[in-house]
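Results of the structural survey
What follows is the residue order along each chain.
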Amino acid sequence: MKIHINEMIIYKGGDPAFKYGIAKAFHNHENGRETRSFGQPLVVRYISEEKKYLVIDGYHRIVKGLLEGSREFECVLDWFGKKEWWVPPKEKRFILENYLKEENVS
């Protein structure tokens, strides 16, 4: 199924250890360490309380897609994995619209 970026919960990252999130995936991309899962769908989990999809796997594919102008991504639902996932609080989320406004990019 295709899911628009605005319907996703994406961890911003940039934590002190700089291990996770879209910030780390972008850093890797900029340094030549792109996705190793090109062509594979993102793995998401539906968070019913927010009516959005938490991205579990696919941050490098999101970065590559965004840089190529994509706003919708092929996804599969994770039905059988871990029962509970950490959902980043709103202030720790990547919201594309916020970055586009800051950079005046379309």
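Right above here is the structure, for reference.
A word on the nonpolar core
Core analysis: the biggest nonpolar cluster contains 19 residues, and I5, M8, I10, I22, I62, L66 and F73 have the highest contact counts within it. Within the residue set of this core, elements represented by two or more residues are α1 (21-30), β3 (42-47), β4 (52-57), α2 (59-67) and β5 (72-77). The element best represented in this core is α2, accounting for 4 residues. Among residues more than four places away in sequence, those in contact with I22 are I10, Y11, K12, Y59, I62, V63, L66 and F94.

Here we look at the sheet that holds strand β1 (residues 2-4)
Whenever strands of a sheet pair, they do so through backbone hydrogen bonds, lying parallel or antiparallel. With respect to topology, 5 strands assemble into an open sheet ordered β1-β5-β3-β4-β2, the strand pairing being mixed. Taken across any chain shown, the strands that pair with only one partner, and hence form the sheet edges, are β1 and β2 (8-9). Alignment of β2 against β4, held across 2 bridges, turns out to be parallel. When the bridges of β4 are listed, M8 appears paired with Y53.

Remarks on the pairing of β4
Pairing of β3 with β4 involves 5 bridges; the strand directions are antiparallel. When the bridges of β4 are listed, R45 appears paired with L54. Between β3 and β4, which pair antiparallel and follow one another directly, the connecting turn spans 4 residues, one of which, K51, has a positive phi of 55 degrees.

A look at the packing of α1 against α2
Contact geometry for α1 and α2: axes closest at 8 Å, N-to-C directions at 65 degrees. One element, α1, and the other, α2, form an angle in the roughly perpendicular class. Crossing handedness for the pair α1 and α2: right-handed. Contact residues: α1 offers G21, I22, A25, F26, N28 and H29, while α2 offers Y59, H60, I62, V63, L66 and L67. Each residue belonging to the contact of α1 with α2 can be placed in one class, and the counts come to 8 nonpolar, 4 polar and no charged.

Quick word on the layout of surface pockets
Put simply, the largest pocket is a space of about 620 Å³. Together, 24 residues line the largest pocket, and Y20, G21, I56, D57 and Y59 are the ones closest to its centre. Contributing elements (two or more residues each) for the lining of the largest pocket: α1, β4 and α2. A per-class count over the lining of the largest pocket returns 10 nonpolar, 6 polar and 8 charged.

Parameters and conventions
Throughout, residues of each chain are indexed from 1 in the direction in which the sequence is written. In view of the model being predicted, local features appear only for residues whose pLDDT reaches at least 70, and side-chain atom pairs are presented and counted only at 80 or more, with totals across whole chains, interfaces and linings using the full set of residues. By convention in this description, side-chain values take in all heavy atoms of the structure and omit both hydrogens and water. Working definition of a nonpolar core: buried Ala, Val, Leu, Ile, Met, Phe, Trp, Tyr and Cys residues. They are joined through side-chain atoms within 4.5 Å. To sort residues, take the accessible area from a 1.4 Å probe on protein chains only and compare it with the maximum for the residue type: under 20% means buried, over 50% means exposed, and anything in between is partly exposed. Each helix is a run of DSSP H or I of at least 4 residues and each strand a run of E of at least 2, with the numbering of both proceeding from the N terminus. Should any heavy atoms of two residues lie within 4.5 Å, those residues are counted as being in contact. Any two strands with at least two DSSP-identified bridges between them are counted as paired. To get an axis, a line is fitted to the C-alpha atoms, and for a helix only the part in contact is used. The angle between two axes follows their N-to-C directions and goes from 0 to 180 degrees. Note on terminology: angles under 35 degrees are roughly parallel, angles over 145 are roughly antiparallel, angles of 65 to 115 are roughly perpendicular, and the others are oblique. Helix crossings are classified by the rotation of the near helix relative to the far one: an anticlockwise turn of less than a right angle makes the crossing left-handed, while a clockwise turn makes it right-handed. In this count, Pro and Cys sit with the nonpolar residues alongside Ala, Val, Leu, Ile, Met, Phe, Trp and Tyr, while Asp, Glu, Lys and Arg are called charged and the others, Gly among them, polar. Whether a set of points on the 1 Å grid over the protein atoms alone is a cavity depends on a 1.4 Å probe fitting there but being unable to get out, while an open set qualifies as a pocket with protein on both sides within 12 Å along at least five of seven lines; lining residues are those with an atom within 4 Å of a point. Grid points are joined across faces, edges and corners, and a volume is the space filled by probe spheres set on the points.

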